[in-house]
Amino acid sequence: MHKQQILIAGCGDVGSTLGLALTAAGHKVFGLRRTINQLPAGIQGIAGDLTNPASLGGQLPACNILVYCAAASNHDEPGYRAAYVEGLANVLAALPQPPGLLLFTSSSGVYHQADGSTVDEQSPTEPDRFSGQIMLQAEQLALSCGIKASVVRFSGIYGPGRNHLINQVRSGLGAPALPEYYSNRIHRDDCAGVLQHLIGLHLQGETLAPIYLASDDTPATLHEVSQWLATALGVTIHTTKALRRGGSKRCCNTLLRSTGYDFIYPDFRAGYRAMLQQRPPT
C-alpha cells in the first residue's frame with residue numbers, strides 16, 4: 001500500500017487519535033488546528049483557523065486524502081456555520097490541488113426522528129434544529145465539491161475526557177425508565193478506527209458509499225445506561241430526570257459493518273468499563 005500524505009483539518013481529540021494510527025501505519029500526517037502545541041508527536045502541525053481564510057493561504061500541503069473533522073467552538077448558529085460550511089469551503093479553496101478523497105465527519109444530529117424508530121443512511125433527514133440543518137448543508141457541500149467524498153455520521157462520542165454522564169451518575173442522578181429515551185454512542189477510539197478503516201478501503205481501490213452512519217452495535221435507553229453505570233460505580237441513583245434533549249432514535253450500523261469494520265467497543269458496557277478502569281479513584 002502506497003504511503004499517503006493525509007491532512008486532518010480540525011485535528012482535535014478524534015483527529016489526533018486518527019493521526020497517530022495513520023502515522024504508525026507509515027503515512028505522513030498533517031494536523032491543522034489553531035494551537036499546534038497540543039498535537040501529539042508524529043503529527044506535523046499546521047497552525048491555522050478554519051474560519052479565517054487568510055490564516056490558511058499558502059499553509060496547506062498537497063495531500064492525497066483530506067479528513068475534515070472540525071468541532072464548533074461556538075455552539076450557536078453562526079458558530080456552526082463557520083465551523084462546518086464555511087470552514088470546509090475555506091480549506092478546499094486553500095488546498096494547492098484537490099485530494100483523491102475527502103472524508104467529512106458529520107453527526108447523527110441530522111436525523112429528526114424522536115419516536116424510538118431505527119434510522120440508517122437512507123432515512124429521511126428533516127432536522128428542526130439549526131445544528132442539524134447546518135450539518136446537512138455541510139454534508140451537501142462535501143458531496144458536491146467535485147472530489148470523491150464520503151460523509152461519516154457519528155452518533156454521541158464518548159471516551160477519555162468525556163465524563164459528563166459518568167459524573168452525573170456518580171452524583172446520584174439518573175434517567176427515568178419512562179418515557180423511554182433511546183441514545184446512541186460511539187467511542188472516540190472507534191471514531192478514529194472507522195475513519196482509518198475507510199481510508200484503507202479507499203487505498204485498496206474500493207468505492208466508498210456517500211454516507212456511513214457510525215454508531216456502536218447497541219442503541220440503549222439512557223435509563224439502562226445510567227443504571228448500569230450506577231452499578232459499576234457502586235452508587236445509588238436517588239434522583240431521576242431527563243438527562244438530554246433531542247430525538248429518541250436507534251442508529252443502525254449495518255452498512256458500516258458490511259464493509260468489515262470490527263468495533264473496538266461494540267456496546268456502551270465495553271466502552272464505559274474501559275473508561276472506568278482508566279479513571280483514578282475519586
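Computed from a predicted model, the values in this text were never measured in an experiment. (Residues numbered from 1 in each chain as written. Predicted model: local features only at pLDDT ≥ 70, side-chain atom pairs only at ≥ 80, totals over all residues. Heavy atoms only, no water.)

## Comments concerning the sheet that holds strand β7 (residues 149-154)
Sheet architecture is open: 7 strands sit in the order β3-β2-β1-β4-β5-β7-β12, paired in parallel fashion. Here the strands that pair on one side only, and so sit at the sheet edges, are β3 (44-47) and β12 (211-214). Taken over all neighbouring pairs, the strand axes of this sheet differ in orientation by 20° on average, direction set aside. Each of β5 (101-107), β7 and β12 touches helix α3 (residues 130-143); the most contacted strand, β5, lies at about 170° to it. (Pairing = 2+ DSSP bridges. Helix = DSSP H or I, 4+ residues; strand = E, 2+ residues; numbered from the N terminus. Axes fitted to C-alpha atoms, helices over the stretch in contact; angles between N-to-C directions. Contact = heavy atoms within 4.5 Å.)

## Topic: the UniProt feature "domain: NAD-dependent epimerase/dehydratase" (unreviewed entry) in the protein chain
With numbering aligned to this structure, UniProt lists the feature "domain: NAD-dependent epimerase/dehydratase" (unreviewed entry) at residues 6-167. The distance from the first to the last C-alpha atom of residues 6-167 is 36 Å, and the span holds 30% helix and 22% strand. (UniProt positions renumbered as here; feature names shortened; annotations may be inferred.)

## Looking at unusual backbone geometry
With an omega of -5°, the peptide bond running from L178 to P179 counts as cis. With respect to the element layout, P179 can be found in the loop between β9 (173-174) and β10 (182-183).

## Section: the side chain of N90
Mapped onto the elements, N90 comes out in helix α2 (residues 77-94). The contacts of N90, once residues within four sequence positions are left out, are L50, T51, N52, P53 and L56.

## What to know about the pairing of strand β2 (residues 28-33)
For β2, the buried fraction is high: 5 of the 6 residues fall into the buried class. Of the strand pairs in this sheet, strand β1 (residues 5-9) and β2 are connected by 5 bridges, and their pairing is parallel. Paired with I6 across the two strands is V29, which belongs to β2. Of the strand pairs in this sheet, β2 and β3 are connected by 4 bridges, and their pairing is parallel. Bridging from a neighbouring strand, G31 pairs with G45 of β3. (Buried < 20%, exposed > 50% of the residue type's maximum accessible area, 1.4 Å probe, protein only.)

## Description of the pairing of β1
In the case of a regular strand, side chains alternate between the two sheet surfaces. Most of β1 is tucked away: 4 of the 5 residues are buried. Alignment of β1 against strand β4 (residues 65-68), held across 4 bridges, turns out to be parallel. Bridge assignment links A9 to a residue of β4, and that residue is Y68.

## Things to note about the packing of aromatic side chains
Per the counting criterion, the structure on display carries 6 aromatic pairs. Ring centres of Y158 and Y272 lie 4.7 Å apart, and the angle between their planes is 40°; this geometry places the pair in the tilted category. A residue pair is termed long-range when its members are at least 10 positions apart, and Y158 in strand β8 (residues 156-158) and Y272 in helix α8 (residues 268-278) qualify at 114 residues. For Y158, a relative accessible area of 3% translates into the label buried. Site record: aromatic cluster; members linked through ring pairs are Y80, Y84 and F130. (Phe/Tyr/Trp six-rings, centres within 6.5 Å; stacked < 30°, edge-to-face > 60°.)

## Some points on the environment of A71
Among the secondary structure elements, A71 is positioned in the loop between β4 and α2. On the accessibility criterion, A71 (61% relative accessible area) is exposed. Between the alpha carbons of A71 and A177 there is a distance of 32 Å; along the sequence they are 106 residues apart. Apart from the residues within four sequence positions on either side, A71 is in contact with A83 and Y84.

## Points about the nonpolar core
Residues L7, L32, L66, Y68, V91 and F104 are the most contacted members of the largest nonpolar core, which totals 37 residues. Within the residue set of this core, elements represented by two or more residues are β1, β2, β4, α2, β5, α3, β7 and β12. Ranked by residues supplied to this core, first place goes to α2 with 7 residues. Sequence-distant contacts of V91, that is, excluding residues within four places in its chain, are made with A9, L32, L50, L56, L60, L66 and Y68. Membership of the second largest hydrophobic core comes to 31 residues, among which are V67, I186, L256 and Y261. (Core = buried A, V, L, I, M, F, W, Y, C linked by side-chain atoms within 4.5 Å.)

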